[in-house]
Amino acid sequence: MAQRYWQLGLTAIVCALSLASLFPIGQRIRLGLDLLGGVELRYLVDVDEGSGLAELERQLTLVNEENKQLLLNRIELIRRSHTEAIAKTLTIVRQRVDRFGLKAVHLRQHGHQQVVVQLAGVDQEAVRQIRALIERQGELALHLVSGAREGARPDSIELPLQGGAQSISVDAKPFVTGDQIAYAYWGKNEQGERMVVVEFDPDGRAALERATRENVGARMAIVLDGVVQNIPKISRPIESGRAVLRGKYTDDQVDSLVAMLQIGSLPARFQLESQDRIGPTLGREAIFAGVIAALAALVLVVLFLLVYSGWLGVVASAALVVITLIVLAFAAAFGTPITLPGMAAMILTLGMAVDAHILLVERIRDERRAGKELGAAIAVAYKRTTRTILDTNLTTLITAMFLIAFGNGAIRGYAILLALGIGATLFSVLVVMPGLTSLIERRTRGPALTKRWLTKRVDFCKAFPKATLLSLLCVAVAGTVFFTRGRRNLDVDLRGGTIFHVRCARAMTRGEVRDLLADQGLFVTGSALQRLGTIGERAAGQVGLDFTVEIPSDHPGEAEAARQAIARALPLDASDPFLRELTVGPLLASEMQHKALYVVLAALLATVLYITVRFEWRFAIAAILTLLHDVVIVLGALAIAGRPINLTMVAAILTIIGYSLNDTIVVFDRIREQLSSAGGAVLSRSVVNDAINGTLSRTLHTSFTTGLVAVTIYLVADGLLQSFAFAILVGVGVGTYSSVFVATPLLLLGRGRAKPAQVPEAGK
C-alpha cells in the first residue's frame, strides 16, 4: 500500500511540474527550422585580403603565353588556400555554435565565398548571439606598450582601449598570439567579477616568460580583436604561462569569449550581406497534415490498447501522456527545438513505451493461465519484464549518448529527445505504471486478460533455411541498388547542389510553387523549397514573390537542367527571374559525415559490449549482424522507391536501428530466461521455438501499433513526411521479420551454454 502511494504521489508531482514548465506553450516549446522557419544571414567570407588574387587575374590578359602558365599555377595555389580557409572558418563557426549551446542553427557554404546561416525563429536576442559568434574574430595577442620603457621600438600602432574613449600605443608585432593558446576558462577576481583566464602552450609560455623577464617594469597590452582589454604592469617575470582578460563582461560575454578562445580565431573575416526571413522547409500545409496524421495515429493507438488489454489499456494510455509531458518539459527546459528528426525520436520513444506495456500484458496473461490470482500475476509479470525493458531501453540509450556527445546539429537534437524519451519511459515503467496498476487492480477482476489472440505453436526453425536464402537475396539486391545509385541517393543535406533564388511574376503560396515544380519532375530526388521574405513580415504570411529552390547536383549539366525546368514550371518575373544562382555545400560537410559514421560505429561497438556483458558475445554478434541486415534492406528500399537520403532519413534509419535492436533483445531475453530456468542448458531448436512463440504475440502487436502510426502519416501527409513514414514502415516490417528469421538463426550457428540469469521463481 505504501509503495502504491509514493508511486502515485511522485507521478502527480512530476506531471504537475511538467505542465507548469510548459506554459505558456507558445513561448516554451521551440520548433526547428523545418517546422517554423526563421532568419537567414548571408555572409561574404573575405579571404582575398592581401593575397592579390584580383590583380593576378587582371594580369592574365597582359602576360605572354610563356608566363601565363606560371601565373595560372600561382592563382590556383591562392584559390586552394582560399578554399581551405573557408572550410576551416566554417568548422570553427560550427564548433562555436555547438559550444555555446545555440540550437537549430544550420550553416552551409554557398558558392566560393559565401556562407549562409539559418536560425529557427525570429528571436532578435538569438540573432544577436549568433551574429556575435560569427562576426567576432576571436584574435588574442599580447603586445608590449610602446613608450613605457626605454628603447621602445619605433614601429608601433595605436589601438583603442576597451570602452573606446581612449587609445594606446603598442608594438606592432605581438610577442604571443592566440595560436599559442592551450585552453581558456572563466574565473572570478577578488571583487567577485567574472574574468577570462587564458593558458598558453609551451611555445607561448616560453615567449611570455622571455618577454616579461626582459621588460620588468613595463606594461603589456592584452588585445582581443584589435581592442585593448587591460594593460597590466610587469612586476616580475610571468612563468605560469597565464594571461587574464578583465572587464565588465556579462555572463554571456564571458561564455562566448571562452568558447572563441578555446576553439581558435577565424582565419577569414565575415561580412554580412543580407538578413532575411525564411519560411519553414516543410511548408505549413505539410506541417498541418503531419499534425493531423500524428493525432489520428495517437487516437488509433489508444483505441487499440483499450481493445487489446482492457483496463490495462487505460494505464498504458495514461503512461503515454506522462511520457510525452516529461519529454516536452525537458525539451523546453534545455531549449531543444522540436524538428522532424525530433519527431522520429518521439515515435521511437512511444513505440518502446507501448512495447513495454504489451510485454507486461503478455506476461500477465501467461501467469494467469498458470493459475495465479490477478495481484500475484501482476507482481510476477513486473519482476520478469523489468529486466527485459531495461535491456531494450539501455541499448538504445547507448547510441543516443554517443550521438549527444559527438554528434552535430539535427542528429544531436534527435539524440537528446531520444535520451529524454528513454528516461521518461523508464520512469513510466518503474513508477507510473505500477502505481496506476495497483490502484486499478483492486477494483477489477481483470476479465479477458487470460484471452490470447495467438495460441497456435509454430515451428519457426523449420523455415530458417528458406528464410536465410530470402534474407541473403534481399540484402544482395538492396545493397546493389543502393551502392549502384551512389551519390544520387543523397539529397542536398548530404550531397550539396545548386540553389536558385527566383522571383515570381505574381504572389504565390508555397504549396502552389511546389505543385508546379513537381509537375516538371523536381522534388522527386529531395529538393528543398523555402519562401523568402523580410524580417518585418508577419509569421503567418504565406503569400510571396521570392523563393529559393535547392536541387541536388554534382555537375553543371544537372544544374542547367534544373534551371530550365524551373523556368518552364513557374510564372517568373520577366525582368529579373533568377536573382541568384549558387553552388551550395552539404548541410553536413564531408568531415562531419565521416564523424557521424564513426560515432554510429562507436555506439554499435558499445552496444556489442553491453549485450556481451548482459548475455554472451554470440548474442551481441547476432544482434549487430541483424541490424546491418535491416539497415541495408531499408536503404535499398529507399533507393528503389526514389526516396532521398537526407538528415530526416538519417534520423529514420537511427529509429529503425533502435526498433530492430529492441525487438531482437526481447527474443534474446526470453531465450536466456528459458536457458537459465533449465540450469544453463545448451541452446537448441526447441528453446528457440519456445522463445519465439512466447514473444510472438508481443512482437506482432508492437509492430502493428508502430506500423499504424507510420501508415497514418504516409496516407495523410506528403513530401518529406511521407518519405519519413515510408522508411519507418519498411523498417518496422524488416525489423519484425529479422528478429525471428535472422537473429535467432545466427544465434543457433554458435550454439553453447548461455550465461545463467536470476529469474524469479514461479509464484514468488
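Structure shown above.
In this text the structure is predicted, and so the values were computed from the model without any measurement.

Colleague: Talk me through the overall build of the protein; I want residue IDs and the actual numbers.
Modeller: What the protein contains, in helices and strands, is 23 helices and 17 strands. Here the protein, with 764 residues, has 54% of them falling under the buried criterion. Sequence separation of 24 or more characterises 79% of the internal contacts of the protein that already satisfy a separation of 6 or more. Carbon and sulfur atoms make up 60% of the accessible area of the protein, which amounts to about 33,600 Å² in all.

Colleague: So, the pattern of salt bridges: which residues are in play, and what are the values?
Modeller: In total, this model carries seven salt bridges according to the counting rule given. Glu 239 is the salt-bridge partner of Arg 213, the closest N and O atoms lying 3.3 Å from each other. Taken together, the residues span a long stretch of sequence, with Arg 213 in helix H7 (residues 202-214) and Glu 239 in the loop between strand S11 (227-230) and strand S12 (242-245) at a distance of 26 residues. Classification of Arg 213 by relative accessible area gives partly exposed; the value is 45%. Of the charged contacts, one joins Asp 546 and Arg 503 as a salt bridge, the two residues approaching to 2.8 Å between their closest N and O atoms. Pair noted here: Asp 546 is in strand S16 (residues 544-552) and Arg 503 is in strand S14 (residues 497-508), with a separation of 43 residues, a long-range link. When its relative accessible area of 14% is taken as the criterion, Asp 546 is described as buried.

Colleague: Describe in detail the sheet that holds strand S7 (residues 176-177), supporting the description with residues and values.
Modeller: Sheet strands pair by backbone hydrogen bonding; their relative direction is either parallel or antiparallel. What the four strands build is an open sheet, ordered S7-S4-S10-S11; its pairing is antiparallel. Two strands in the sheet have a free side with no partner beyond their single neighbour: S7 and S11. Examined bridge by bridge, strand S4 (residues 140-144) and strand S10 (residues 220-224) share five bridges and lie antiparallel to one another. Bridging from a neighbouring strand, His 143 pairs with Ala 221 of S10.

Colleague: Account for empty space enclosed by the protein, naming residues and giving values.
Modeller: Under the defined criterion, the tally for this structure stands at six cavities of 30 Å³ or more. Leu 359, Glu 362, Arg 363, Arg 384, Thr 385, Thr 388, Val 666, Asp 669, Arg 670, Glu 673, Thr 695 and Arg 698 together form the lining of the largest cavity. Contributions of two or more residues to the lining of the largest cavity are made by helix H11 (340-369), helix H12 (374-406), helix H20 (647-677) and helix H21 (685-716). With four residues, the top contributor of residues to the lining of the largest cavity is H20. Taken together, the residues that form the lining of the largest cavity break down as two nonpolar, three polar and seven charged. By volume, the second largest cavity amounts to about 90 Å³. If you trace the second largest cavity, you find 14 residues lining it, with Leu 348, Thr 655, Tyr 659, Thr 706 and Val 732 closest to the centre. Sorting the residues of the lining of the second largest cavity by element identifies H11, H20, H21 and helix H22 (719-741) as the ones contributing at least two each. Broken down by element, the residue count for the lining of the second largest cavity peaks at five residues, all from H11.

Colleague: An account of helix H16 (residues 510-519) is needed here, citing residue identities and associated values.
Modeller: Among all positions of H16, only Arg 510, Gly 511, Val 513 and Leu 517 are buried. Seen along its axis, H16 keeps its buried residues to an arc of 160 degrees; they face one direction.

Colleague: Any chance you could break down helix H10 (residues 311-334) for me, citing the residues and the numbers?
Modeller: Look at H10: 35 Å from first C-alpha to last across 24 residues, which is about the 34 Å you get at 1.5 Å a residue. A positive backbone phi angle near 75 degrees is found at Gly 335, which sits one or two residues after H10.

Colleague: Outline the sheet that holds strand S9 (residues 194-200), listing residues and values.
Modeller: Judged by pairing direction, the sheet is antiparallel, and its three strands sit side by side in the order S8-S9-S12 without closing on themselves. Edge strands, defined here as strands with exactly one partner in the open sheet, are strand S8 (181-188) and S12. Neighbour to neighbour, the strand axes of the sheet diverge by 25 degrees on average, direction disregarded. As judged from the seven bridges shared by S8 and S9, these two strands associate in the antiparallel manner. For Ala 184, the partnering residue across the bridge sits in S9 and is Val 198.

Colleague: Residue-level account of the side chain of Ser 739, with values.
Modeller: Take Ser 739: it is sitting in helix H22. On the accessibility criterion, Ser 739 (0% relative accessible area) is buried. Only 3.4 Å separates the side chain of Ser 739 from the side chain of Asp 663, close enough to count as a polar contact. At 2.9 Å, the side chain of Ser 739 and the backbone oxygen of Thr 736 are in polar contact.

Colleague: So what's going on with the nonpolar core? Which residues, and what values?
Modeller: Core analysis: the largest hydrophobic core is formed by 118 residues, its most contacted members being Ile 611, Phe 668 and Ile 671. Looking at which element gives the most residues to this core, the answer is H20, with 15 residues. Discounting chain neighbours no more than four positions away, the residues touching Ile 671 are Phe 619, Leu 683, Val 687, Val 688, Ala 691, Thr 744 and Leu 747. Listed in part, the 24 residues of the second largest apolar core include Val 196, Phe 200, Leu 245 and Leu 257.

Colleague: Run through the packing of H11 against H21, naming residues and quoting values.
Modeller: How two helices pack is summed up by the angle between their axes together with the distance between the axes. Following both chains from N to C, one finds H11 and H21 inclined at 150 degrees, their axes separated by 9 Å at the closest point. Accordingly, the angle class assigned to the pair H11 and H21 is roughly antiparallel. Between H11 and H21 the crossing geometry is right-handed. Contacts between H11 and H21 involve Ile 347, Gly 351, Val 354, Asp 355, Ile 358, Leu 359 and Glu 362 from the former and Ser 697, Arg 698, His 701, Thr 702, Thr 705, Thr 706, Val 709 and Ile 713 from the latter.

Colleague: Explain the packing of H10 against H11 to me, using residue names and the numbers behind them.
Modeller: Packing of H10 against H11 leaves a shortest axis separation of 10 Å and a crossing angle of 155 degrees. Considering the angle they form, H10 stands roughly antiparallel to H11. Taken as a pair, H10 and H11 cross one another with a handedness that is right-handed. Contacts between H10 and H11 involve Leu 312, Gly 313, Ala 316, Leu 320, Ile 323, Thr 324 and Val 327 on the former and, on the latter, Met 346, Thr 349, Leu 350, Ala 353, Val 354, His 357, Val 361 and Ile 364. Split into classes, the residues belonging to the contact of H10 with H11 amount to 11 nonpolar, four polar and no charged.

Colleague: Please give an account of the packing of aromatic side chains that cites residues and values.
Modeller: What the rule picks out here adds up to seven aromatic pairs. Taken together, a centroid distance of 6.3 Å and an interplanar angle of 90 degrees make the contact between Phe 464 and Phe 741 edge-to-face. Taken together, the residues Phe 464 in helix H14 (residues 464-485) and Phe 741 in helix H22 connect sequence positions 277 residues apart. Ring geometry for Phe 619 against Phe 668: centres 5.1 Å apart, planes inclined by 90 degrees, an arrangement best described as edge-to-face. With a gap of 49 residues between them, Phe 619 in helix H19 (residues 617-640) and Phe 668 in helix H20 connect regions that are remote in the sequence. Assigned by exposure class, Phe 619 and Phe 668 land together as buried. An aromatic cluster of at least three residues, connected via ring pairs, comprises Phe 460, Phe 464, Tyr 737 and Phe 741. When the ring centre of Phe 578 is taken as origin, the NZ or CZ atom of Arg 563, which lies over that ring, is 4.1 Å away. When the ring centre of Phe 726 is taken as reference, the NZ or CZ atom of Arg 643 above it lies at 5.3 Å.

Colleague: A description of the environment of Val 93 should follow, citing residues and the corresponding values.
Modeller: With respect to the helices and strands, the residue Val 93 is situated in helix H5 (residues 65-100). Counting along the chain gives 14 residues from Val 93 to Leu 107, while the straight-line C-alpha distance between them is 8.5 Å. Excluding anything up to four places from it in sequence, Val 93 contacts Leu 107, Ile 134, Leu 266 and Phe 270.

Colleague: Any details on the pairing of strand S3 (residues 114-120)? Residues and values, ideally.
Modeller: With seven of seven residues buried, S3 is to be regarded as a mostly interior element. On S3, burial covers both faces: Gln 114, Val 116, Gln 118 and Ala 120 on one face and Val 115, Val 117 and Leu 119 on the other are all buried. Across six bridges, strand S2 (residues 105-110) lies against S3 in antiparallel orientation. Each residue of the ladder has a partner; that of Gln 109, found in S3, is Val 115.

What counts as what
- Residues numbered from 1 in each chain as written.
- Predicted model: local features only at pLDDT ≥ 70, side-chain atom pairs only at ≥ 80, totals over all residues.
- Heavy atoms only, no water.
- Helix = DSSP H or I, 4+ residues; strand = E, 2+ residues; numbered from the N terminus.
- Buried < 20%, exposed > 50% of the residue type's maximum accessible area, 1.4 Å probe, protein only.
- Contact = heavy atoms within 4.5 Å.
- Areas by Shrake-Rupley, 256 points an atom, 1.4 Å probe, with all protein chains shown as cover.
- Salt bridge = Lys/Arg side-chain N within 4 Å of Asp/Glu carboxyl O.
- Pairing = 2+ DSSP bridges.
- 1 Å grid on protein atoms, 1.4 Å probe; cavity = no way out; pocket = protein on both sides within 12 Å on 5 of 7 lines; lining within 4 Å.
- Points joined across faces, edges and corners; volume = space filled by probe spheres on them.
- Nonpolar A, V, L, I, M, F, W, Y, C, P; charged D, E, K, R; others polar.
- Arc of directions from axis to C-beta.
- Expected span 1.5 Å × (residues − 1).
- Axes fitted to C-alpha atoms, helices over the stretch in contact; angles between N-to-C directions.
- Polar contact = N/O pair within 3.5 Å; in protein donor to acceptor, adjacent residues only side chain to side chain.
- Core = buried A, V, L, I, M, F, W, Y, C linked by side-chain atoms within 4.5 Å.
- Parallel < 35°, antiparallel > 145°, perpendicular 65-115°, else oblique.
- Left-handed = near helix turned anticlockwise from the far one by under 90°.
- Phe/Tyr/Trp six-rings, centres within 6.5 Å; stacked < 30°, edge-to-face > 60°.
- Lys NZ or Arg CZ within 6 Å of the ring centre and 35° of its normal.

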